[in-house]
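Residues per chain are reported as follows:
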Amino acid sequence: MKKQILILYDDEFYREKVKYVFDFIFNLPFNKFFVNIKYQEVKQFNNKICYDVIINYSSKNIDNATININVIDFLKSITSYTDILNLYSKEYDFENTKIYGISNLCDKGSLNFIEDDIINLDIVSTFFFHLSRLEEYYCPSKYKDLHGRMHSKEQFLVKNCIFREPVLDQISVAFLKSLDYYKQIETKKIMSHDIDVLIKFSNFYKYLRGAARILFKKKNFKGSLFSFTKYYLKSLMGHHDPYQTFSWLFHKNFFDKKIVFFMSGGTTDYDNLYDIKDPSLKEVFKTAFDNGYEIGLHPSYTSFKDKRQFSKEKIKLESVTGQKITSSRQHILHYDIIKTPQVLKNSGISNDFTLGFQDQIGFRVGTGFEYYLWNNKEDRKFNIIETPLIIMDGCLLIESEYSVEKAIKIHSEFFKKNKFDTQITYNFHNSIFDPVLLNNHKLKLFYLNL
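Criteria and cut-off values
Residues numbered from 1 in each chain as written. Predicted model: local features only at pLDDT ≥ 70, side-chain atom pairs only at ≥ 80, totals over all residues. Heavy atoms only, no water. Helix = DSSP H or I, 4+ residues; strand = E, 2+ residues; numbered from the N terminus. Rg over C-alpha atoms; globule rule 2.2 N^0.38 Å. Contact = heavy atoms within 4.5 Å. Areas by Shrake-Rupley, 256 points an atom, 1.4 Å probe, with all protein chains shown as cover. Lys, Arg positive; Asp, Glu negative; His and termini not counted. Charge placed at Lys NZ, Arg CZ, Asp CG, Glu CD. Disulfide = S-S within 2.5 Å. Buried < 20%, exposed > 50% of the residue type's maximum accessible area, 1.4 Å probe, protein only. Salt bridge = Lys/Arg side-chain N within 4 Å of Asp/Glu carboxyl O. Axes fitted to C-alpha atoms, helices over the stretch in contact; angles between N-to-C directions. Parallel < 35°, antiparallel > 145°, perpendicular 65-115°, else oblique. Left-handed = near helix turned anticlockwise from the far one by under 90°. Nonpolar A, V, L, I, M, F, W, Y, C, P; charged D, E, K, R; others polar. Pairing = 2+ DSSP bridges.

### Brief notes about the overall build of the chain
Then step 1. Looking only at helices and strands, one finds 15 helices and 18 strands in the chain.
Then step 2. Its C-alpha atoms give the chain a radius of gyration of 24 Å, near enough to 22 Å, the size a compact globule of 450 residues would have.
Then step 3. With the C-alpha coordinates aligned to their principal axes, the bounding extent of the chain is approximately 80 × 45 × 45 Å.
Then step 4. Of the contacts made within the chain by residues no fewer than 6 positions apart, 73% connect residues no fewer than 24 positions apart.
Then step 5. Split by element, the accessible area of the chain, about 20,700 Å² in all, is 50% carbon and sulfur.
Then step 6. Here the chain carries 62 positive and 54 negative side-chain charges, and the mean point of each set is 6 Å from the other.

### Some thoughts on the state of the cysteines
Each disulfide is one covalent bond, formed between the sulfur atoms of two cysteines.
Then step 1. For the coordinates displayed, the defined rule picks out zero disulfides.
Then step 2. Cys161 provides the cysteine sulfur closest to Cys106, a residue in no disulfide bond, and the two sulfurs are 15 Å apart.
Then step 3. Classification of Cys106 by relative accessible area gives exposed; the value is 59%.
Then step 4. Cys161 supplies the cysteine sulfur nearest to Cys395, a cysteine that is in no disulfide, at a spacing of 18 Å.

### Here we look at the pattern of salt bridges
Then step 1. Applying the stated criterion to the full structure yields 23 salt bridges.
Then step 2. Across the pair Asp11 and Lys76 runs a salt bridge whose closest N-O atoms are separated by 3.0 Å. In this pair, Asp11 sits in the loop between strand S1 (2–9) and helix H1 (12–26) while Lys76 sits in the loop between strand S4 (67–69) and helix H2 (81–85), placing the two residues 65 residues apart along the sequence.
Then step 3. In this structure, Glu318 and Lys314 form a salt bridge, with 3.1 Å as the shortest nitrogen-oxygen distance. In this pair, Glu318 and Lys314 are both assigned in helix H11 (residues 307–321), four residues apart and thus about one turn of the helix distant.
Then step 4. Through salt bridges with shared partners, a single network forms among Arg133, Glu135, Glu136 and Arg364.

### Quick word on the environment of Ser319
Then step 1. Summarising the element assignment, Ser319 is placed in helix H11.
Then step 2. What makes Ser319 exposed here is its relative accessible area of 54%.
Then step 3. Here the alpha-carbon distance between Ser319 and Lys277, two residues 42 residues apart in the chain, equals 9.7 Å.

### Some details on the packing of helix H3 (residues 123–132) against helix H6 (residues 167–179)
Then step 1. Two numbers describe how H3 lies on H6: the axes approach to 11 Å, and their chain directions differ by 155 degrees. It follows from the interaxial angle that H3 and H6 lie roughly antiparallel. The interaxial crossing formed by H3 with H6 has left-handed handedness. Across the interface between the two elements, Ile123, Thr126, Phe127, His130 and Leu131 of H3 pack against Val167, Leu168, Ile171, Ser172 and Phe175 of H6.
Then step 2. In terms of residue class, the contact of H3 with H6 is made up of seven nonpolar, three polar and no charged.

### Overview of the pairing of strand S6 (residues 97–103)
Then step 1. Most of S6 sits out of view: five of its seven residues are buried.
Then step 2. Two strands pair when backbone bridges link them, and strand S5 (residues 88–94) and S6 are joined in this way by seven bridges, in the antiparallel orientation. Paired with Tyr92 across the strands is Ile99, a residue of S6.
Then step 3. The hairpin turn running from S5 into S6, its antiparallel successor, is two residues long, and Glu95 in that turn takes a positive phi close to 50 degrees.

### A word on the environment of Gln360
Then step 1. In this structure, Gln360 sits in the loop between strand S14 (351–352) and strand S15 (371–375).
Then step 2. Judged by relative accessible area, which is 14%, Gln360 ranks as buried.
Then step 3. Separated by 188 residues in the primary sequence, Gln360 and Ser172 have C-alpha atoms spaced 25 Å apart.
Then step 4. Residue contacts for Gln360: discarding those within four places in its chain leaves Ser152, Val158, Phe163, Cys395 and Glu399.

### Details of the packing of H1 against H3
What describes two packed helices is the angle between their axes and the distance between those same axes.
Then step 1. In the contact formed by H1 and H3, the axes pass within 9 Å of each other and the chain directions differ by 85 degrees. One finds that H1 runs roughly perpendicular with respect to H3. Two secondary-structure elements touch here, H1 through Lys17, Val18, Tyr20, Val21, Phe22, Phe24 and Ile25 and H3 through Ile123, Val124, Phe127, Phe128, Leu131 and Ser132.

Scope: geometric values only; no functional claims are made or implied.
This is the structure:
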């Protein structure tokens, strides 16, 4: 059954933003109806035309509106990072749960999400703020790390301690319930892998560097010289290198999607840790394909703002795999909110998987679901779909201080809270299952049972 929906807005400033937000909400998998949406400026509204639902996001009173949404109208006031700092998290009550919007008023206490036909939470402003990454667009360099990434602790969701839950997905559930359009779904899962390096012991020099790291930086390195040397000698005697995990890393377990990202070049010390033309990769590619994986590009460190370098690596990967490459995830999550989407667009990438935290698990964008990247310069969306990264193996281990037992517990608690109505994209590296660093057997069992 297809529903006819009319959404009203005040003026030209909101036209693309309103469309951006509600196209996202009504295409979420827990919306039980197909919809045909018409967007109209409120001054052009003709109440003689019949719709299944009329949503009024304007300052004008519409008598026959199904739902009226409170317009806080803080988006027009954001022109700098100082304006971002003047925004606050606001609690709303809905069916004995808390959901979180954004306000420019520092008032304590919570409101009801909906009263009669009025939704008090400004859905459009809240969604647009998170999805467009306005805080990253305006973020000054003093709040960025050495890779130019905004520190997670400076981000709105982290500062307000709500990054562990998908606040936008929760608002969407409440909104669709208010229309009786909601159907619960089990959380969707995507498995991904970044292949940064193929083998641990590529030569004797690498062994010496690793041994020195253990001897002189023990406090920052989990592992012993004995175990490090043991696995090095085993690799010399023909045993599998610890990073050669592909035979079981790519498996047929059910996920809603599976994708693996390979590197194929680079110009810095962060890159070129293997040759994409390495003959051993033919079997790795075959194993990935046989187990239902898509192959994507893991672009090198400088490619996030270098279209020529990005395209060069993409062409090289396509020539080796014989596949058209349309997906990518930036190496070290090296991403510029202004430059990188333009590089992706110019290079023929339609799906990106980069936006997640670099040091913790959680919902950096407020949702686990795919959405279109936003062009803040031109005030319109890019035709590039972003799939947020929610759980990366390294982040999980950072939080657990490299205790696999603690990591499993953290994941269990996280998944229990997010068992329904969102999507979790995982990233497990082939090199994380390192017996020198941790209990790789227990980590492998955890991974295989996700």
